[in-house]
Amino acid sequence: MDKIEFLTEKAAQIRRDLLKMIVNAGTGHTAGSLSNTDIMTVLFYEVMDIKVDDPDWDDRDRFILSKGHSVESYYTILADKGYFDKEELNTFCQYKSRLIGHPNNKVPGVEMNTGALGHGLAIAAGMAKAAKMSKKNYKVYTLMGDGELAEGSVWEAALAASHFKLDNLVGIIDRNNLQITDNTEKVMGLEPLAEKWKSFGWEIIEVDGHNYQELINAFTKSSEIKGRPTLILANTIKGKGVSFMENKAEWHHGLPSEEELAQALEELSSKGEVI
Amino acid sequence: MSKTANKKVVCEKLIEYGKKDRDIVALTSDSRGSASMTDFGNQLPDQLVEVGIAEQNIVGMAAGLAASGKKPFITSYAAFVTMRAIEQVKVDVAYSNVNVKIIGISGGVSYGPLGMSHHALHDIAVMRAIPNIKMIMPADRYDTEKLMEELVNYEGPVYVRVGRNAVEEVHQSADYEFEIGKADQLSGGSDLTIIATGELVSTALKAAELLEEDDLDCRVINMHTLKPIDEKAIIKAAEETGKIITVEEHSVYGGLGSAVSQVVAENHPVPVKVFAIPDEPAVTGYPEDIFKEYGLTPSNIAEKAKEMFD
Ligand SMILES: Cc1ncc(C[n+]2csc(CCOP(=O)(O)OP(=O)(O)O)c2C)c(N)n1
Ligand SMILES: [Mg+2]
């Protein structure tokens, strides 16, 4: 199986697993996780240098899920990688489970607690700065939502990352054009978005956030950029992979019924038929 | 007892008053659905300012709107608007003393499973330490209705916390007096006083019912206004009942229990027992699970109350 086939299969499986987890829990942020599943699958199975049996390995690449509400895709991937037992996914959001509704650094593989939007980029910039200061080679990745970009703290960190020439930092924007209320351009316009980041001193790479090859190429290219941070502007579809959820704001934290879950799983199984 | 979410009442009342007074402006931060404010947006689109996911900006803009003659009501997540934006609250709203009303939604552990980032268990402590701003936690829909009426008629900064879920009514009808800063005594009693605030007032009432079975006659006070707190009612309770219990959905530090203890200690020392969330990231789970974990239940409160008589 080649790389792309593997990622296609893997992402479909992650989507199925996270939907089952959400329905089992009776709660979850559904569409945002589906939106960034491909990005995170590429990061965790192809790009990042990490050791599952040594989650705190000093030289590991770091990942911060700034859009913490998409934790379902994160936990599902971490369990699949073997950071913890998949069975534990059944405890998602339950009383006293460590798999709470946002990233929890009591879970192996999770670096930092997130959930309040607009924090990830600054944390990631701090980690990247630390690598520079101690002459380490690890890279730092952070995934942000597009609605999240209305938080001023994002832009404070964007300034700093550029100022400190953090070329070991990669910001990724899950550009699905939706937030809870509506389309981002109706709620609080972001465009021209690429130009904004460019004017802050970032290298911009725009990709189809569901195209594995484009994502891989973008991450590879980011490693070659020197003297400035890279921003991967990933154009995505919120709810990707489940026809009735795609591009629908109401699926932000919509909970599928058993029938809807069955339909979703069926749609997602046909995508993964490559093996 | 029927149940209504207080945030729904906030929206209904804002629509009612917004239609009469076009200077009333609601502000949302991608919080319209969560705040049940969608109807307001549909009916009064020209009086809604949506700022996106930007809690600092929502407070700063509200201050500017107020300073320019508008009557802004912020409806945003309690966890973020009282933390992320606290400097804007302190400086732009409270210090400049402008007419901004902040409705913090999904307060306390409404978002129980989502973790500490989404819990708002600090807001009484934070708000009480800032001069000029009042803080109120309505207990039920009647409180919320009356409070909204007071808010439109009052000029100055006020922070209100409501929860996400439907809450039981603690009043039989709207036939009672509601005044900001004045305690609302729900039942008379001479053995013990339970002072509660917000959506746990109903729990306090149930605890009092349990105690009645043991012939303990409880006074129950709905302390909807945390600041300015009704010191007279607290002192009177200390003098007349000799024992006080406080119940709140807040950290044990700096909340209702702290406020009541201070008044009691300074004026008429009697035993006080505080029921609140201990100093740790609250366990996660649904609100009922969390309340149970920390003994914020009628049976536990009643049991501990009885021990005060040993
Ligand atoms: C500081 C803060 N404010 C508000 C929220 C509530 N919230 C959670 S998700 C969300 C919308 C996020 O939209 P976006 O960033 O576009 O993410 P996506 O579309 O990928 O789900 C909001 C407002 C929050 N988690 N943190
Ligand atoms: Mg989005």
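If you check an unreviewed UniProt entry, chain B appears there as Transketolase from Halanaerobium kushneri. As stated in UniProt under Sequence similarities (unreviewed entry), the record for chain B gives "Belongs to the transketolase family." Here is the UniProt Cofactor (unreviewed entry) comment for chain B, exactly as written: "thiamine diphosphate".

Under an unreviewed UniProt entry, chain A has the name Transketolase and belongs to Halanaerobium kushneri. Chain A has a UniProt comment under Cofactor (unreviewed entry) that states "thiamine diphosphate".

What follows covers the sheet that holds strand S7 (residues 158-161) of chain B. All names here are of chain B. Pairing is mixed across the open sheet formed by seven strands, whose spatial order is S3-S2-S4-S5-S7-S6-S12. The sheet is open, and its two borders are formed by strand S3 (48-50) and strand S12 (225-227), each paired with just one other strand. For this sheet, the mean inter-axis angle between neighbouring strands, taken without regard to orientation, is 20 degrees. Of the pairings in the sheet, the one linking strand S2 (residues 24-28) to S3 comprises three bridges and is parallel in character.

Ligand 1 sits among 25 residues. The nearest are Lys67, His69, Asp146 and Lys238 of chain A together with Glu55 of chain B. Among the chains of the assembly, those with residues near ligand 1 are chains A and B. Here Leu117 of chain A contributes a backbone N or O atom positioned 2.9 Å from a nitrogen atom of ligand 1. Measuring from an oxygen atom of ligand 1, one finds a side-chain N or O atom of Lys238 of chain A at 2.7 Å.

Right, let's talk about the environment of Ile4 of chain A for a bit. In this fold, Ile4 of chain A is placed in helix H1 (residues 3-25). We classify Ile4 of chain A as partly exposed; its relative accessible area is 27%.

A few words on the interface of chain A and chain B. Contacts between the two partners involve 27 residues from chain A, matched on the other side by 23 residues from chain B. Considering only the surface of chain A that becomes buried against chain B, Tyr95, Glu151 and Thr181 of chain A emerge as the three largest contributors, covering 26% of it. Where chain A meets chain B, there are two salt bridges. There are 13 residue pairs in polar contact (both at pLDDT 80 or more) connecting chain A and chain B. Here the residues of the side of chain A that touches chain B are counted per class, giving ten nonpolar, 14 polar and three charged.

Glancing now at the domain arrangement of chain B. Interface size is commonly expressed as the accessible area that is lost once the parts come together. All names here are of chain B. Once the domains are mapped, chain B shows domain 1 (3-168) and domain 2 (184-307). Put simply, the middle of domain 1 and the middle of domain 2, counted by C-alpha atoms, are 25 Å apart. With both chains or domains summed, domain 1 and domain 2 bury close to 2400 Å², and 58% of this area falls on carbon and sulfur atoms. Inspection of the domain 1/domain 2 interface yields one salt bridge. For the pair domain 1 and domain 2, the number of links is 19 residue pairs in polar contact (both at pLDDT 80 or more). Residue assignment for the side of domain 1 that touches domain 2 shows that the elements contributing at least two residues are helix H6 (123-128), strand S6 (134-136) and strand S8 (166-168). Counting residues per element, the side of domain 1 that touches domain 2 draws most heavily on H6, which supplies five residues.

What follows concerns empty space enclosed by the protein. All chains considered together, the criterion is met by two cavities of 30 Å³ or more. Considered as a void within the structure, the largest cavity measures approximately 90 Å³ in volume. Considering the residues around the largest cavity, the lining is formed by Phe44, Met48, Ile50, Pro55, Arg60, Asp61, Arg62, Phe63, Leu78, Tyr83, Gly109 and Glu111 of chain A. Its volume calculated, the second largest cavity comes out at about 60 Å³. Forming the walls of the second largest cavity are Gly107, Gly108, Met137, Pro138, Arg161, Val162, Gly163, Gly198, Glu199 and Glu249 of chain B. In the lining of the second largest cavity, the residues fall into three nonpolar, four polar and three charged.

Right, let's get into the coordination of the magnesium ion (ligand 2). Note on metal geometry: ideal angles are 109.5 degrees for four donors arranged tetrahedrally and 90 or 180 degrees for six donors arranged octahedrally. All names here are of chain A. Coordination of the magnesium ion (ligand 2) by the protein comes from Asp146 (OD), Asn176 (OD1) and Leu178 (O), over a distance range of 2.1 to 2.2 Å. For the magnesium ion (ligand 2), the donor residues sit on a single chain with the sequence spacing D-x29-N-x1-L. Placement of the pair is Asp146 in the loop between strand S2 (140-145) and helix H5 (152-163) and Asn176 in the loop between strand S3 (169-175) and helix H6 (184-187), with a sequence separation of 30 residues. On the accessibility criterion, Asp146 (2% relative accessible area) is buried. Of the residues examined, Asn176 reaches a relative accessible area of 5% and is grouped as buried.

All names here are of chain A. Put simply, H1 and helix H2 (residues 30-47) touch, their axes get as near as 9 Å, and they point 140 degrees apart. Classified by the angle their axes make, H1 and H2 are oblique. Classified by chirality, the crossing of H2 by H1 is right-handed. Two secondary-structure elements touch here, H1 through Lys3, Phe6, Leu7, Lys10, Ala11, Ile14, Arg15, Leu18, Leu19 and Ile22 and H2 through Thr30, Ser33, Leu34, Thr37, Asp38, Thr41, Val42, Tyr45 and Glu46. Taken together, the residues of the contact of H1 with H2 break down into ten nonpolar, four polar and five charged.

About the criteria used
Residues numbered from 1 in each chain as written. Chains lettered and ligands numbered in written order. Predicted model: local features only at pLDDT ≥ 70, side-chain atom pairs only at ≥ 80, totals over all residues. Heavy atoms only, no water. UniProt positions renumbered as here; feature names shortened; annotations may be inferred. Pairing = 2+ DSSP bridges. Helix = DSSP H or I, 4+ residues; strand = E, 2+ residues; numbered from the N terminus. Axes fitted to C-alpha atoms, helices over the stretch in contact; angles between N-to-C directions. Near = heavy atom within 4 Å. Polar contact = N/O pair within 3.5 Å; in protein donor to acceptor, adjacent residues only side chain to side chain. Buried < 20%, exposed > 50% of the residue type's maximum accessible area, 1.4 Å probe, protein only. Contact = heavy atoms within 4.5 Å. Buried area = accessible area lost by both parts, 1.4 Å probe. Salt bridge = Lys/Arg side-chain N within 4 Å of Asp/Glu carboxyl O. Nonpolar A, V, L, I, M, F, W, Y, C, P; charged D, E, K, R; others polar. Domains from an automatic or database assignment. 1 Å grid on protein atoms, 1.4 Å probe; cavity = no way out; pocket = protein on both sides within 12 Å on 5 of 7 lines; lining within 4 Å. Points joined across faces, edges and corners; volume = space filled by probe spheres on them. Donors = N, O, S within 2.8 Å, 3.2 Å for Na, K, Ca; no water. Parallel < 35°, antiparallel > 145°, perpendicular 65-115°, else oblique. Left-handed = near helix turned anticlockwise from the far one by under 90°.

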